[in-house]
Amino acid sequence: MVTDLDHHLPAIVAGDPDAFGRWVAGAERRIRLSLRSFAARVDTEAVVQETLLRVWQVAPRFQPDGRPDGLLRLAVRIARNLAISEVRRARVDPVEVDQLERQALAWADAHLARAAEPDPLLRQLIARCRELLPDKPARALAQRLTAAGDRPDAVLAEEVGMKLNTFLQNVRRARQALLDCLQSQGVTLPEAP
Amino acid sequence: MSDPSRERQELIEAAVTAWRPTAPDGRILDHHAWRDLDAAGRIEAFDETLRAREVEAALDPQGLSGTARAVLGRLRRG
């Protein structure tokens, strides 16, 4: 089933951040994937976040063109332009910049319309897998999730009484254990196309 | 004695977080760990981030990843 994320648009235009959150939940993966060709040259996490902030700012002036996922298509263009600005600022060879842009455009043409299908079992299974995590990885992961990107890992590590490198290893172990647990139950997360 | 492969993995994990520094003008900046990675490490960090955000969203009651939560937090704080 393909859903048009533009059905969130009226509430987003009205300034409802919860509606924007629902739009982001459906759009983020495709925005991020559209930047894959730039991954070695720009910090795509920073670009994705900057893109989402700009989408929120421009959404009230956005004019749908009648095709589905207009706001998502705009977001992918914003993300690509931000990434290109970053690689130009880093004085990357213009030939390579053109190549990166072409790859990003080709990805968008081929994959943008394919919504990630949420696996109805995933949430249930992952919650069960989380209960099986050993104490330290569980605490580190919980700290990352609760912080929601508002504090650096050095602060989070201190808050749970771990050294930074121990904290990072535990977060990684937790995620890997969750993925292994899901896989043992026949669920694998979608790979990048 | 330090283990280069473990250090590299820690650097990648550090870059996976949704936390990013902010410039005085509000722009979101690169993570210092991402800057310290070579090209292969940055691509690995990208793929690991993709998996991490899927896991975060699946564990979140509203289906929001760390990135989504970070952005919404910035919007709400103004």
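Basis of the calculations
- Residues numbered from 1 in each chain as written.
- Chains lettered and ligands numbered in written order.
- Predicted model: local features only at pLDDT ≥ 70, side-chain atom pairs only at ≥ 80, totals over all residues.
- Heavy atoms only, no water.
- Helix = DSSP H or I, 4+ residues; strand = E, 2+ residues; numbered from the N terminus.
- Buried < 20%, exposed > 50% of the residue type's maximum accessible area, 1.4 Å probe, protein only.
- Contact = heavy atoms within 4.5 Å.
- Areas by Shrake-Rupley, 256 points an atom, 1.4 Å probe, with all protein chains shown as cover.
- Lys, Arg positive; Asp, Glu negative; His and termini not counted.
- Charge placed at Lys NZ, Arg CZ, Asp CG, Glu CD.
- Salt bridge = Lys/Arg side-chain N within 4 Å of Asp/Glu carboxyl O.
- Polar contact = N/O pair within 3.5 Å; in protein donor to acceptor, adjacent residues only side chain to side chain.
- 1 Å grid on protein atoms, 1.4 Å probe; cavity = no way out; pocket = protein on both sides within 12 Å on 5 of 7 lines; lining within 4 Å.
- Points joined across faces, edges and corners; volume = space filled by probe spheres on them.
- Nonpolar A, V, L, I, M, F, W, Y, C, P; charged D, E, K, R; others polar.
- Axes fitted to C-alpha atoms, helices over the stretch in contact; angles between N-to-C directions.
- Parallel < 35°, antiparallel > 145°, perpendicular 65-115°, else oblique.
- Left-handed = near helix turned anticlockwise from the far one by under 90°.
- Core = buried A, V, L, I, M, F, W, Y, C linked by side-chain atoms within 4.5 Å.
- Expected span 1.5 Å × (residues − 1).
- pLDDT = per-residue confidence, 0-100.

Caption draft 1: Layout of the overall build of chain B. Looking only at helices and strands, one finds 4 helices and 0 strands in chain B. Helices and strands appear in chain B in the N-to-C order α-α-α-α. Across the 78 residues that make up chain B, the buried fraction comes to 58%. Summarising the internal contacts of chain B: among those between residues at least 6 apart in sequence, 44% fall at separations of at least 24. As displayed, chain B offers around 3700 Å² of accessible surface, 51% of which is attributable to carbon and sulfur atoms. Of the side chains in chain B, 12 bear a positive and 14 a negative charge, and the two mean positions are spaced by 8 Å.

Caption draft 2: Representation of the side chain of Asp6 of chain A within the structure. Residue and element names in this part refer to chain A. Its location among the elements puts Asp6 in the segment before α1 (9-13). Buried and without a salt bridge, Asp6 has Arg73 as its closest oppositely charged side chain, separated by 5.4 Å. Engagement of the side chain of Asp6 in a polar contact is seen with the backbone nitrogen of Gly70, the distance being 2.7 Å. In this structure Asp6 touches Arg67, Pro68, Asp69, Gly70 and Leu71, once residues within four positions along its chain are discounted.

Caption draft 3: Quick look at the environment of Gly70 of chain A. All names here are of chain A. Among the secondary structure elements, Gly70 is positioned in helix α4 (residues 70-89). Placed 64 residues apart in sequence, Gly70 and Asp6 show a C-alpha to C-alpha distance of 6.6 Å. In this structure, Gly70 is in contact with Asp6 and Phe62, ignoring residues within four places of it in sequence.

Caption draft 4: Region of the structure containing empty space enclosed by the protein. Enumeration according to the criterion identifies 3 cavities of 30 Å³ or more in this entry. Of the pockets and cavities examined, the largest cavity occupies roughly 70 Å³. Forming the walls of the largest cavity are 13 residues, and the residues nearest its centre are Asp43 and Thr44 of chain A together with Ala45, Phe46 and Thr49 of chain B. At the level of elements, α3 (44-58) of chain A together with α3 (39-59) of chain B are the ones that each hand at least two residues to the lining of the largest cavity. Looking at side-chain class alone, the lining of the largest cavity contains 6 nonpolar, 2 polar and 5 charged residues.

Caption draft 5: Focus on the pattern of salt bridges. If you walk through the whole model with that rule in mind, you get 26 salt bridges over all chains. A salt bridge links Arg172 of chain A to Glu13 of chain B; its shortest N-O distance comes to 4.0 Å. Highlighted residues: Arg172 of chain A in helix α9 (residues 164-184) and Glu13 of chain B in helix α1 (residues 4-16), drawn from two different chains. For the pair Arg172 of chain A and Glu13 of chain B, one class covers both residues: buried. Three or more residues joined by partner-sharing salt bridges are found here, namely Arg144, Asp153, Arg172 and Arg175 of chain A together with Glu13, Glu48 and Arg51 of chain B.

Caption draft 6: Examining the packing of helix α6 (residues 120-131) of chain A against α9 of chain A more closely. Residue and element names in this part refer to chain A. For the pair α6 and α9, the least separation of the axes is 9 Å and the interaxial angle reads 125°. By the criterion of interaxial angle, the relationship of α6 to α9 is oblique. Crossing of α6 over α9 shows right-handed handedness. Across the interface between the two elements, Leu122, Leu125, Ile126, Cys129 and Arg130 of α6 pack against Leu178, Cys181 and Leu182 of α9. Of the residues belonging to the contact of α6 with α9, the class tally is 7 nonpolar, no polar and 1 charged.

Caption draft 7: The arrangement of the nonpolar core in detail. Phe20, Trp23, Ile31, Phe38, Leu52, Leu71 and Leu72 of chain A are the most contacted members of the largest nonpolar core, which totals 46 residues. Of all the secondary-structure elements, those providing two or more residues to this core are α1, α2 (17-33), α3, α4 and α5 (94-111) of chain A together with α4 (66-77) of chain B. In terms of residue count, α4 of chain A provides more of this core than any other element does, 11 residues in total. Setting aside residues up to four positions removed in sequence, Phe20 of chain A forms contacts with Ile12, Leu52, Val55 and Trp56 of chain A together with Val71, Leu72 and Leu75 of chain B. Counting residues in each nonpolar core, the second largest holds 18 residues, with Phe167 and Leu168 of chain A together with Trp34 and Ala52 of chain B among its members.

Caption draft 8: Spatial organisation of α3 of chain B. An ideal rise of 1.5 Å per residue puts 30 Å on 21 residues; α3 of chain B measures up with 30 Å between its terminal C-alpha atoms. For α3 of chain B, the tally of buried residues reaches 16 of 21 residues, placing the bulk of the element in the interior.

Caption draft 9: The confidence of the model for chain B, seen in detail. Residues and elements named next belong to chain B. On average, residues of chain B score 93 in pLDDT, and 99% of them reach the 70 mark or higher. Looking at the elements of chain B, mean pLDDT is at its lowest for α1, recorded as 93, and at its highest for helix α2 (residues 32-36), recorded as 96. Taken together, the chains of this predicted complex give a pTM of 0.92 and an interface ipTM of 0.95.

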